[in-house]
Amino acid sequence: MKRLIAALVCLMLVMATGVGFAQDKKFGLEDIPEIQNKRALTLILETGEGYSKVLPAIERFTEKTGVKVNVERIASSGVYGKENVELMAGTGYYDLVYVETSWTTEWSDYLWDLEELASTYDPGGAAALREDLAHMSPAILASGQAYGKQMVLPFYTFDMCMWIRQDVFDDPTEQANFKAKYGYDLKPAETWEELVDQGEFFTRKKGELLKGEPLDHDIFGLSMQAGAYQCNDETSARLWSMGSDWVTVVRDEEGNLKEFVITKENKEALRKALENYKECLKYDSPSALTANFDFVVAQFGNGNAIICPTIWANCSIWAEGILREKVPEGRIGIYPSPGGRPYTGAWSYGVGKATRNPEAAYWLLRWLTSYECGKIVFNEGMVPGRSDVLEEVAKTAEYPHKQLAEFHIDIWKVMAPHIPDYYYFNTKAGGKVYDMQIYAISKALTGEQTIDQVIDYITKQTVELTSKFDHIPIREEI
């Protein structure tokens, strides 16, 4: 109940403004008081040129506060293992902890409750922090809570969306041909069954026509990242769209966590999700089985695919830039993935309990997740968790930034009521189960194992890992 109340409070703060974010003054460097503890801080910043643009903002923090910040550059795939060792050992090596939101509850014992830090170090107390939270997405904030407490704040988000070649979908010839073959209008797929139809329709060989012109290369109807890294997120999007999940979260009458149950419905939904995924792969490149998001971006941008049904929305500007160069007449359309409940999450920062400088770490966290830093993040094609930044972009920017902002504003409203009850955001086994799923799902997609074998393995491993690392009981419904 506490977790749900916290999420609803954030939502009420946002709704109270009438435009999606509070109208008061934005928090900035000038609002950081004199920091007494000058001990240096250490944090992780992902590798990549875009993330490097945040380094000057970190330097400005040092200039303002006199606190040096040591920045360690690590690829996102290496973060969990590197930080988990330090957290469990209590070394305090990372003062600010870089957290994928599905790890938040798992690491909650090692992170400070941010309201507790605000009450200690902020002249405005916890109320000042809550005021800033009113500028942020309620859905993303909820994914960064544990047992009703805000443990992390979003640095950038990675909600899933669906890309389509808007110019192809708008073509009268393609529209007429599609309706003649399938009996309904061509539009962004709202169901996974529609997606299969569209994947089949748009998969074409060299020499066949697209928009009335012969193709000089093969194209695929769909492009997905089915390799053993993010295929489970694509599967989550399918599960969530069915109103299901990997595991059902059960609460008592007061709203507190009671137990986790892998129900018969959960397992049947997973079977349907994997069957659909495999069906969709018929209309994708064989390389999809080892693909990650960079392959999907390139495939779509180069004009080799028409639809990406489950892709990170924060890659949209990147993909559009390639498309503009390779297919000048091409235009990207950004929509919810079929079913309308895409995977939602963020890379966030929290303050480690073992830090020797919680004071400075709290203020650096506030700065990195501020309105000003959010604008820096968005300018690099990433999407901050701040509604105020995206509301401004939606009002002032043009294609494709405008539609990217509008997509997030809308999908965050859709997802906010559901996030508090998804398994990933409630279990202390989240990171371990997530990594297990990655490889298991991949085996079902490649055919190395049958779908039934994979469902059985995931079920047993989820029960075992949750029983070992969480205090909330879990059972399988037989």
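The model shown is predicted, which means the values in this text are computed figures rather than measured ones.

*Asks:* Looking at this structure, I do not really get the overall build of the protein chain. What am I missing?
*Replies:* Looking only at helices and strands, the protein chain features 20 helices and 16 strands. Over its C-alpha atoms the protein chain spans a radius of gyration of 22 Å, differing by no more than 12% from the 23 Å that the globule rule assigns to 478 residues. Its C-alpha atoms put the protein chain at 70 × 55 × 40 Å along the principal axes. The buried share of the protein chain, taken over its 478 residues, is 59%.

*Asks:* Help me out: how do you make sense of the environment of Pro-214 in this one?
*Replies:* Along the polypeptide, Pro-214 turns up in strand S9 (residues 213–214). We classify Pro-214 as exposed; its relative accessible area is 55%. Those residues in contact with Pro-214 that lie beyond four places of it in its chain are Gly-207, Glu-208 and Leu-209.

*Asks:* What exactly am I supposed to notice about the packing of aromatic side chains here?
*Replies:* Here the distance between the centres and the angle between the planes together describe a pair of aromatic rings. Within this structure, the stated rule accounts for 30 aromatic pairs. Relative to Tyr-343, the ring of Trp-312 lies with its centre 6.1 Å away and its plane at 75°, an arrangement referred to as edge-to-face. Here Trp-312 is found in strand S13 (residues 305–312), whereas its partner Tyr-343 is found in the loop between strand S14 (332–335) and strand S15 (346–351), with 31 residues between them in sequence. Across the pair, Tyr-343 and Trp-312 agree in class, each one buried. Grouping aromatic residues by their ring pairs yields a cluster made of Phe-158, Trp-240, Phe-260, Trp-312, Tyr-343, Tyr-422, Tyr-423, Tyr-424, Phe-425 and Tyr-434. The ring of Phe-469 carries the charged tip of Lys-432 above its face, separated from the ring centre by 4.6 Å.

*Asks:* Sorry, what's going on with the environment of Met-162 here?
*Replies:* With respect to the secondary-structure elements, Met-162 resides in strand S7 (residues 160–165). Note: C-alpha distance between Met-162 and Lys-25 (137 residues apart in sequence) is 35 Å. In contact with Met-162, not counting residues within four places along its chain, are Pro-188, Ala-189, Ile-307, Cys-308, Pro-309, Gly-333, Ile-334, Tyr-335, Pro-336, Ser-337 and Pro-338.

*Asks:* Whenever I open this one, the packing of helix H5 (residues 114–121) against helix H15 (residues 358–368) confuses me. Can you help?
*Replies:* Two numbers describe a pair of packed helices, the interaxial angle and the distance between the axes. Between H5 and H15, the least distance of the axes is 10 Å, while the angle of their chain directions is 110°. Overall, the two elements H5 and H15 adopt an arrangement that is roughly perpendicular. The two elements H5 and H15 meet at a crossing, and its hand is left-handed. For the pair formed by H5 and H15, the contact residues are Leu-114, Leu-117, Ala-118 and Tyr-121 on the first element and Pro-358, Glu-359, Tyr-362, Trp-363 and Leu-365 on the second. Taken together, the residues of the contact of H5 with H15 break down into 8 nonpolar, no polar and 1 charged.

*Asks:* What is the right way to read the pattern of salt bridges from this model?
*Replies:* Where charged atoms from two side chains of opposite charge approach closely, those side chains can pair. Enumeration over the complete set of coordinates arrives at 26 salt bridges. The residue Arg-60 makes a salt bridge to Glu-372 at a minimum N-O spacing of 2.6 Å. Here Arg-60 is found in helix H3 (residues 55–65), whereas its partner Glu-372 is found in helix H16 (residues 371–379), with 312 residues between them in sequence. With relative accessibility at 30%, the residue Glu-372 sits in the partly exposed group. Notably, a salt bridge pairs Arg-271 with Glu-268, separated by 3.0 Å at the nearest N-O pair. With Arg-271 and Glu-268 both in helix H12 (residues 264–280) and 3 residues apart, the pair spans about one turn of that helix.

*Asks:* Is there a simple way to think about the pairing of S13 in this case?
*Replies:* For a regular strand, side chains alternate in direction, first toward one face of the sheet and then toward the other. Most of S13 is tucked away: 8 of the 8 residues are buried. With 4 bridges joining them, S7 and S13 adopt antiparallel strand pairing. Across the sheet, Cys-161 pairs through a bridge with Ile-311, a residue of S13.

*Asks:* What should I look at first to understand the pairing of strand S3 (residues 96–100) in this one?
*Replies:* Burial analysis of S3 places 5 of its 5 residues in the buried class, which makes it a mostly covered element. Of the two faces of S3, the one carrying Leu-96, Tyr-98 and Glu-100 and the one carrying Val-97 and Val-99 are both buried. Pairing analysis gives 5 bridges linking S3 to S15, with the strands arranged antiparallel. Considered in S15, the bridge of Val-99 is made with Ser-348.

*Asks:* I'm lost on the confidence of the model for the protein chain in this one. Help?
*Replies:* For any part of a model where pLDDT is low, the fine detail of the predicted coordinates should not be relied upon. For the protein chain, per-residue confidence averages 93 on the pLDDT scale, and residues scoring 70 or more make up 95% of the total. Every residue in residues 1–23 is under pLDDT 50, and counting partners more than four places away or in other chains gives 48 contacts.

*Asks:* Would you explain the side chain of His-408 in this entry?
*Replies:* Its location among the elements puts His-408 in helix H18 (residues 401–415). Its relative accessible area of 1% is what places His-408 among the buried residues. The residues touching His-408, leaving out its near neighbours within four places in the chain, are Thr-157, Asp-159, Ala-313, Val-383 and Leu-390.

*Asks:* Any chance you could explain helix H20 (residues 451–469) here in plain terms?
*Replies:* In an α-helix, one turn spans 3.6 residues, which is why side chains three or four residues apart end up on the same side. With 19 residues, H20 extends 26 Å from end C-alpha to end C-alpha; this agrees with the ideal 27 Å at 1.5 Å per step. Buried residues of H20: Ile-451, Val-454, Ile-455, Ile-458, Thr-459, Gln-461, Thr-462, Leu-465 and Thr-466, and no others. Buried-residue contacts for H20 involve strand S12 (257–262), H12, helix H19 (430–446) and strand S16 (474–476).

*Asks:* Can you walk me through the side chain of Asp-159 in this structure?
*Replies:* For Asp-159, the location among the structural elements is in the loop between strand S6 (153–157) and S7. Despite its burial, Asp-159 pairs with no opposite charge, the nearest such side chain being Arg-341 at 13 Å. A distance of 3.2 Å separates the side chain of Asp-159 from the side chain of Trp-412, its partner in a polar contact.

*Asks:* Can you walk me through the packing of helix H13 (residues 293–301) against helix H14 (residues 316–326) in this structure?
*Replies:* At their nearest, the axes of H13 and H14 sit 8 Å apart, and the two run at 30° to each other. With respect to H14, the axis of H13 lies roughly parallel. When you trace H13 past H14, the crossing you get is right-handed. On H14, the residues touching Phe-293, Asp-294, Val-297, Phe-300 and Gly-301 of H13 are Trp-318, Ala-319, Ile-322, Leu-323 and Lys-326. Considered class by class, the residues forming the contact of H13 with H14 number 7 nonpolar, 1 polar and 2 charged.

Cut-offs and rules
Residues numbered from 1 in each chain as written. Predicted model: local features only at pLDDT ≥ 70, side-chain atom pairs only at ≥ 80, totals over all residues. Heavy atoms only, no water. Helix = DSSP H or I, 4+ residues; strand = E, 2+ residues; numbered from the N terminus. Rg over C-alpha atoms; globule rule 2.2 N^0.38 Å. Buried < 20%, exposed > 50% of the residue type's maximum accessible area, 1.4 Å probe, protein only. Contact = heavy atoms within 4.5 Å. Phe/Tyr/Trp six-rings, centres within 6.5 Å; stacked < 30°, edge-to-face > 60°. Lys NZ or Arg CZ within 6 Å of the ring centre and 35° of its normal. Axes fitted to C-alpha atoms, helices over the stretch in contact; angles between N-to-C directions. Parallel < 35°, antiparallel > 145°, perpendicular 65-115°, else oblique. Left-handed = near helix turned anticlockwise from the far one by under 90°. Nonpolar A, V, L, I, M, F, W, Y, C, P; charged D, E, K, R; others polar. Salt bridge = Lys/Arg side-chain N within 4 Å of Asp/Glu carboxyl O. Pairing = 2+ DSSP bridges. pLDDT = per-residue confidence, 0-100. Expected span 1.5 Å × (residues − 1). Lys, Arg positive; Asp, Glu negative; His and termini not counted. Polar contact = N/O pair within 3.5 Å; in protein donor to acceptor, adjacent residues only side chain to side chain.

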